[in-house]
Amino acid sequence: MIEFSHLYKSYDKKIHALKDINLKIGAGEFVFLTGPSGAGKSTFFKMITGYDQPTSGKIIVGNFDLNNIKESDLADYRRKLGIVFQDFKLLPDRTVYENVCLPLKIQKHHESFIKKRALEVLDLVGLSEKIEQFPEYLSGGEQQRTAIARAIIHQPGVLIADEPTGNLDPEMSSKIIDVFEKVCAQGTTVVIATHDHELVKRKNKKVIELMNGSVNKMSL
Amino acid sequence: MKEYKQKSIQRVTAISIIGATFAVILGFYLLSKNISHILSIWGESNKLIVYLDSESDDTVRKLTQSRLEKNILVDKVMFFSKEQAIEDFNAQISGYMSGLKNDTALLQVIPPYFEVYLKSEGSLEELNAKAKNLALEVREWIGVEDVSNGSLWTEKYSKLSQSVNAFFMFLGLILFILSFFVVSSSIKSHLFQRAKEIEILEMIGATKFYIQRPIFLESFGIISIAFAIGLAVNSALYYYFNSFFDSQLKLLNLSQVFRFFSVLELIIAFAISIGMGLIVTRLTFSRLYRYRHA
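Residues numbered from 1 in each chain as written. Chains lettered and ligands numbered in written order. Predicted model: local features only at pLDDT ≥ 70, side-chain atom pairs only at ≥ 80, totals over all residues. Heavy atoms only, no water.

1. Some remarks on the overall build of chain A
Part 1 of the reasoning: The helix and strand inventory of chain A stands at seven helices and ten strands.
Part 2 of the reasoning: Taken over 220 residues, chain A has a buried fraction of 52%.
Part 3 of the reasoning: A sequence separation of at least 24 residues applies to 67% of the contacts in chain A between residues at least 6 apart.
Part 4 of the reasoning: For chain A, the computed accessible surface area is about 10,200 Å², with 49% contributed by carbon and sulfur atoms. (Helix = DSSP H or I, 4+ residues; strand = E, 2+ residues; numbered from the N terminus. Buried < 20%, exposed > 50% of the residue type's maximum accessible area, 1.4 Å probe, protein only. Contact = heavy atoms within 4.5 Å. Areas by Shrake-Rupley, 256 points an atom, 1.4 Å probe, with all protein chains shown as cover.)

2. Considering the sheet that holds strand β1 (residues 47-52) of chain B
All names here are of chain B.
Part 1 of the reasoning: Strand order in the open sheet made by the four strands is β2-β3-β1-β4, with antiparallel pairing throughout. At either end of the open sheet lies a strand with only one pairing partner, and these are β2 (74-80) and β4 (144-148). Adjacent strand axes in the sheet meet at a mean angle of 20 degrees, parallel and antiparallel pairs treated alike.
Part 2 of the reasoning: Note that β1 and strand β3 (residues 113-118) share five bridges and pair antiparallel. Bridging from a neighbouring strand, Leu48 pairs with Val116 of β3. (Pairing = 2+ DSSP bridges. Axes fitted to C-alpha atoms, helices over the stretch in contact; angles between N-to-C directions.)

3. As for unusual backbone geometry
Residues and elements named next belong to chain A.
Part 1 of the reasoning: The phi angle at Phe88 is positive, at roughly 65 degrees, despite the residue not being glycine.
Part 2 of the reasoning: With respect to the helices, strands and loops of the structure, Phe88 is situated in the loop between β6 (81-84) and α3 (96-106).
Part 3 of the reasoning: Given the relative accessible area of 10%, Phe88 is considered buried.
Part 4 of the reasoning: Positioned with a positive phi, Lys108 is a non-glycine residue whose angle comes to about 55 degrees.
Part 5 of the reasoning: Here Lys108 shows up in the loop between α3 and α4 (111-124).
Part 6 of the reasoning: Taking the relative accessible area as the measure of exposure, Lys108 reaches 67% and is therefore exposed.

4. A closer look at α4(A)
Residues three or four positions apart in an α-helix share a direction because the helix packs 3.6 residues into each turn.
Residues and elements named next belong to chain A.
Part 1 of the reasoning: Here α4 spans 20 Å end to end across 14 residues, near enough to the 20 Å set by a 1.5 Å rise per residue.
Part 2 of the reasoning: Buried within α4 are the following residues: Ile114, Arg117, Ala118, Val121 and Leu122. Looking straight down α4, one finds that the buried residues subtend no more than 130 degrees of arc, so they occupy a single side. Facing away from the buried side of α4, by more than 90 degrees, are the exposed residues Lys116 and Asp123.
Part 3 of the reasoning: Lining the buried residues of α4 we find α3 and α5 (140-152).
Part 4 of the reasoning: One or two steps after α4, the chain reaches Gly126, where phi turns positive at roughly 75 degrees. (Expected span 1.5 Å × (residues − 1). Arc of directions from axis to C-beta.)

5. What to know about the layout of surface pockets
Residues and elements named next belong to chain B.
Part 1 of the reasoning: In this structure, the largest pocket spans a volume of roughly 490 Å³.
Part 2 of the reasoning: Every residue lining the largest pocket is counted, 21 residues in all, and those nearest its centre are Ile25, Tyr29, Phe176, Ala269 and Ile272.
Part 3 of the reasoning: Elements with a minimum of two residues in the lining of the largest pocket: α1 (2-43), α6 (151-192) and α10 (263-293).
Part 4 of the reasoning: Within the lining of the largest pocket, the residues separate by chemical class into 15 nonpolar, four polar and two charged. (1 Å grid on protein atoms, 1.4 Å probe; cavity = no way out; pocket = protein on both sides within 12 Å on 5 of 7 lines; lining within 4 Å. Points joined across faces, edges and corners; volume = space filled by probe spheres on them. Nonpolar A, V, L, I, M, F, W, Y, C, P; charged D, E, K, R; others polar.)

6. Observations concerning empty space enclosed by the protein
Part 1 of the reasoning: Throughout the structure, instances matching the rule amount to one cavity of 30 Å³ or more.
Part 2 of the reasoning: Of the volumes computed, that of the largest cavity is approximately 40 Å³.
Part 3 of the reasoning: Every residue lining the largest cavity is listed: Arg78(A), Leu81(A), Gly82(A), Ile83(A), Pro103(A), Arg150(A), Ala151(A), His154(A), Met203(B) and Ile204(B).
Part 4 of the reasoning: Contributing elements (two or more residues each) for the lining of the largest cavity: β6 and α5 of chain A.
Part 5 of the reasoning: Element by element, the count of residues in the lining of the largest cavity is highest for β6(A), at three residues.
Part 6 of the reasoning: Residues of the lining of the largest cavity, tallied by class, amount to six nonpolar, two polar and two charged.

7. What to know about the pairing of strand β4 (residues 56-61) of chain A
Two faces belong to every sheet, and in a regular strand the side chains alternate between them.
Residues and elements named next belong to chain A.
Part 1 of the reasoning: Pairing between strand β1 (residues 2-11) and β4: five bridges, direction antiparallel. Directly across from Ser5, in β4, lies its bridge partner Lys58.
Part 2 of the reasoning: For β4 and strand β5 (residues 64-65), the ladder comprises two bridges, and the chain directions are antiparallel. Bridge assignment links Ile60 to a residue of β5, and that residue is Asp65.
Part 3 of the reasoning: What sits between β4 and β5 in their antiparallel hairpin is a turn of two residues, with Gly62 showing a positive phi close to 60 degrees.

8. A look at the sheet that holds β6(A)
Residues and elements named next belong to chain A.
Part 1 of the reasoning: Judged by pairing direction, the sheet is mixed, and its six strands sit side by side in the order β6-β7-β8-β3-β9-β10 without closing on themselves. A single partner strand is all that each edge strand has here, and the edge strands are β6 and β10 (214-219). Neighbour-to-neighbour, the strand axes of this sheet turn through a mean angle of 15 degrees, independent of strand direction.
Part 2 of the reasoning: Contacts from helix α1 (residues 41-49) reach β3 (30-34), β6, β7 (158-162), β8 (189-193) and β9 (206-211), with the element oriented near 150 degrees to β7.

9. A few points about the pattern of salt bridges
All names here are of chain B.
Part 1 of the reasoning: Tallying each qualifying case throughout the model produces 23 salt bridges over all chains.
Part 2 of the reasoning: Residues Glu218 and Arg11 are paired through a salt bridge, measuring 2.9 Å at the closest nitrogen-oxygen approach. With a gap of 207 residues between them, Glu218 in helix α8 (residues 208-248) and Arg11 in helix α1 connect regions that are remote in the sequence.
Part 3 of the reasoning: In this structure, Asp58 engages Arg61 in a salt bridge whose closest nitrogen and oxygen atoms are separated by 3.1 Å. Of this pair, Asp58 and Arg61 are both found in helix α2 (residues 58-70), three residues apart, which corresponds to roughly one turn of the helix. (Salt bridge = Lys/Arg side-chain N within 4 Å of Asp/Glu carboxyl O.)

10. Things to note about a nonpolar patch on the surface
All names here are of chain B.
Part 1 of the reasoning: Taken together, the side chains of Leu173, Phe176, Ile177, Phe181, Leu264, Ile268 and Ile272 define a hydrophobic patch exposed on the protein surface, amounting to about 680 Å² of accessible area.
Part 2 of the reasoning: Among the secondary structure elements, those contributing two or more residues to the nonpolar patch are α6 and α10.
Part 3 of the reasoning: Position of Ile268 among the secondary structure elements: in helix α10.
Part 4 of the reasoning: Given the relative accessible area of 43%, Ile268 is considered partly exposed. (Patch = residues over 30% accessible without salt bridge, like charges linked within 9 Å, V, L, I, M, F, W, Y side chains within 5 Å.)

In short, shape yes, function no, at least from these values alone.
Right, dumping it as structure tokens:
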């Protein structure tokens, strides 16, 4: 469960990136976050990931009160998240396989389990043939799918994705959204930021529309 | 792959810069230590010359010798009779003032004397002060005409030695501070180039320990290899100069006097280097976190 209550985020007291956000996203829900550029989607994600602190208001994700989270608990919290960054954030000196395995390595899982899971998710995103490649030799779409595989390998409690289909063709976009739905069906809360209105319409899920840092519309 | 190569190049660059710094600072230490050592060896034969009355008899000589030998500051006493003293005088003077050899009146005033070697305990300054005090004391003894302790020369020498040591300490301090900056900036730039990697690992839930451990190990490795390079350069120079002294300046006997680092010195230098590297790594991490969260 994700809960934002009277949340504000300002930079230098002048730029109000988020204004009085009040919302609840239930466990296992699938939500699209929409809005034009500069509406506050990235700031919204920064709040959920604990990368930044709100100026005022409360954020609770699962059992974690992010306003008062200790530095030592932050790593533990982030292990329960799966994040697909808009710029992918892949480690350039590691192969696709090594990048995808990272969350499980950090959680010190057994090597055989890591390998099994990595091959599963790489197959799911259609990258089985590219496991030994370095990111710089992949197309934008392949890099994005690597980032998606890394975000879902550890079956996170919350999956957030910033424009995860932005570099994909319609067919691959549809496949990736299917993957997210599968992950959601297993109990993961999924929040996807997108500009793709067609996709949002087609999937008929809960939509939160941000505009100038405030919630403009919430459907379903 | 390109990134992997880039990382290796960064490591090699850091090792080269830090290695060169260590070579300079270790070389400086070796040089200053040996120069101070040579100065102390050249200055350590601190002795008194105790001249007896020309007319003093054997009893006075024996008594004076016994009193000198019993003194706790004295290491060795050597007696030179009037005849030996004249012989020595003639041997030293005959080459350039041969006329004096036949000046019986002059030769008659040359007294018998003792060469009194003092124990080499304490610094050059302490030895000098002890010699001076002993000379004052002995000068008052019956049968002693005069005492020479060469205090002017030893005082000047001791001042030179002090100045050289102070100069080396000052230069050493500056070099140490400079080397700290060189090591610090090399490690900083190496770490800042990995800022993106650190951020990604943090975002996917890596603990500080997980992120920092390999980087601390890497810093340890870089410093160790750089230290080994610095040491190897100095070993090579040490053996080169030693053989040069042996073949070209044998007269000065420098190859017998020159000393390499002791094991203890190497352990201390290595510990300081590693400590410096790890402190810089730790400070850089703090700066990196501050910089990112600003």
